[in-house]
Amino acid sequence: MKDGNDVEQLIEAFREVKDKKHPVVVHINTLKGKGYKLAEEQKERFHYSVPFDLETGNLTGESGEGEDYADLTAGYLLQEMKKDPTVVGITAGTPTVFGFTPERRKEAGRSSSIWHCRRAGCCHALPCCRRWKPVFGVYSTFIQRAYDQLSQDLCINNNPALILVFWGSLSSMNDVTHLCLFDIPVIGNIPNMVYLAPTCREEYMAMLEWGIRQTEHPVAIRVPANGVVRRNVEPEKDYGKTLNRYEVSHRGEKVAILGLGS
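Residues numbered from 1 in each chain as written. Predicted model: local features only at pLDDT ≥ 70, side-chain atom pairs only at ≥ 80, totals over all residues. Heavy atoms only, no water.

Student: Could you give me a rundown of the pattern of salt bridges, with the residues and numbers involved?
Tutor: Per the counting criterion, the structure on display carries 14 salt bridges. A salt bridge links D84 to K133; the shortest N-O distance between them is 2.8 Å. In this pair, D84 sits in the loop between helix 3 (69-83) and strand 1 (87-91) while K133 sits in strand 3 (residues 133-139), placing the two residues 49 residues apart along the sequence. Overall, the relative accessible area of 19% leaves D84 in the buried class. Under the relative-accessibility criterion, K133 is labelled partly exposed at 29%. We note a salt bridge from R231 to E203, for which the minimum N-O separation is 3.5 Å. Here R231 is found in the segment after strand 6 (219-222), whereas its partner E203 is found in helix 8 (residues 201-213), with 28 residues between them in sequence. Assessed through its relative accessible area of 32%, R231 is described here as partly exposed. Residue classification places E203 among the buried positions, given a relative accessible area of 12%. (Salt bridge = Lys/Arg side-chain N within 4 Å of Asp/Glu carboxyl O. Helix = DSSP H or I, 4+ residues; strand = E, 2+ residues; numbered from the N terminus. Buried < 20%, exposed > 50% of the residue type's maximum accessible area, 1.4 Å probe, protein only.)

Student: Go over a nonpolar patch on the surface with me, naming the residues and quoting the values.
Tutor: The grouping of Y48, V50 and L59 at the surface amounts to a nonpolar patch, some 270 Å² of accessible area in total. If you trace the backbone, L59 turns up in the loop between helix 2 (37-41) and helix 3. (Patch = residues over 30% accessible without salt bridge, like charges linked within 9 Å, V, L, I, M, F, W, Y side chains within 5 Å. Areas by Shrake-Rupley, 256 points an atom, 1.4 Å probe, with all protein chains shown as cover.)

Student: Quick one: what's the story with the packing of aromatic side chains, residue by residue and with numbers?
Tutor: Per the stated rule, a full pass over the model turns up 9 aromatic pairs. Plain terms: the ring middles of Y139 and F142 are 6.3 Å apart, the flat faces sit at 65° to each other, and that makes the pair edge-to-face. Centre to centre, the rings of Y139 and W167 are 4.8 Å apart; their planes meet at 55°, and the pair counts as tilted. Separated by 28 residues along the polypeptide, Y139 in strand 3 and W167 in the loop between strand 4 (162-166) and helix 7 (183-188) bring together distant segments of the chain. Take W167: its relative accessible area is 25%, and that puts it in the partly exposed class. Above the ring of F46, the side-chain terminus of R45 is found at 4.1 Å from the ring centroid. Its end group placed over the ring of F52, R45 keeps NZ or CZ at 5.9 Å from the ring centre. (Phe/Tyr/Trp six-rings, centres within 6.5 Å; stacked < 30°, edge-to-face > 60°. Lys NZ or Arg CZ within 6 Å of the ring centre and 35° of its normal.)

Student: Go over the side chain of S151, please, and point to the residues and values.
Tutor: You can see S151 is positioned in helix 6 (residues 147-155). Residue contacts for S151: discarding those within four places in its chain leaves I156 and I190. (Contact = heavy atoms within 4.5 Å.)

Student: Can you explain unusual backbone geometry? Please cite residues and give values.
Tutor: Phi angles above zero are rare outside glycine, and W167 is one such case at about 70°. Even without glycine at this site, N232 takes up a positive phi of about 55°. N232 gets classed as exposed once you look at its relative accessible area, which sits at 70%.

In short, geometric facts, not functional conclusions.
Spelled out as structure tokens, the structure:
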């Protein structure tokens, strides 16, 4: 269907195929944000949004001021890309997940690589990791749609890619097809995958640096979803020496409380 936003055409098409005795594919071409001028013109800005003013498009909720993990990530990666052209940012259609706004992509320029794979599978571009240093930014919910690619394309050969998992939380996206709470059980049981959970800015930046530079494992980092917290701690420099360990902050006798990152 050429105009998938035409409801009457949709109804007619569905009626036509409803009682077929064999499988039928209905190809529907839609325009996201159809009918709202700002959304039609600014597709990336309105891919997702918190509450905003309909007239201006400006956000009406939190101001978003202060540090943000997406901004911290993009700033660090831009710096690394300019020093090392083998560092590559990968996104499956949502570049702002790790802070690569149009302005930052322009700043990266030709000397840096941002692979913008629209609707690509999570790890289609990652088997090239022996030549490049790929950093894949993704929302937690989409990890569950790429289990085979993670397990077979990435982890079987211990390809040293870095995956940054954003919004892993009980309180972020919460509609039934976008739950962000399955990343730990999905990633945590794949052989060879290292899943790190920083508790603060200092740990996150140290893990980010280690994850890019190490060449032994596929590494994922569960980016904190509760805002940027500073603990003024001296983070580990070589996480390869401390894998599969927790930081014990208090010892008791009867109850064990596990804090998985944020």
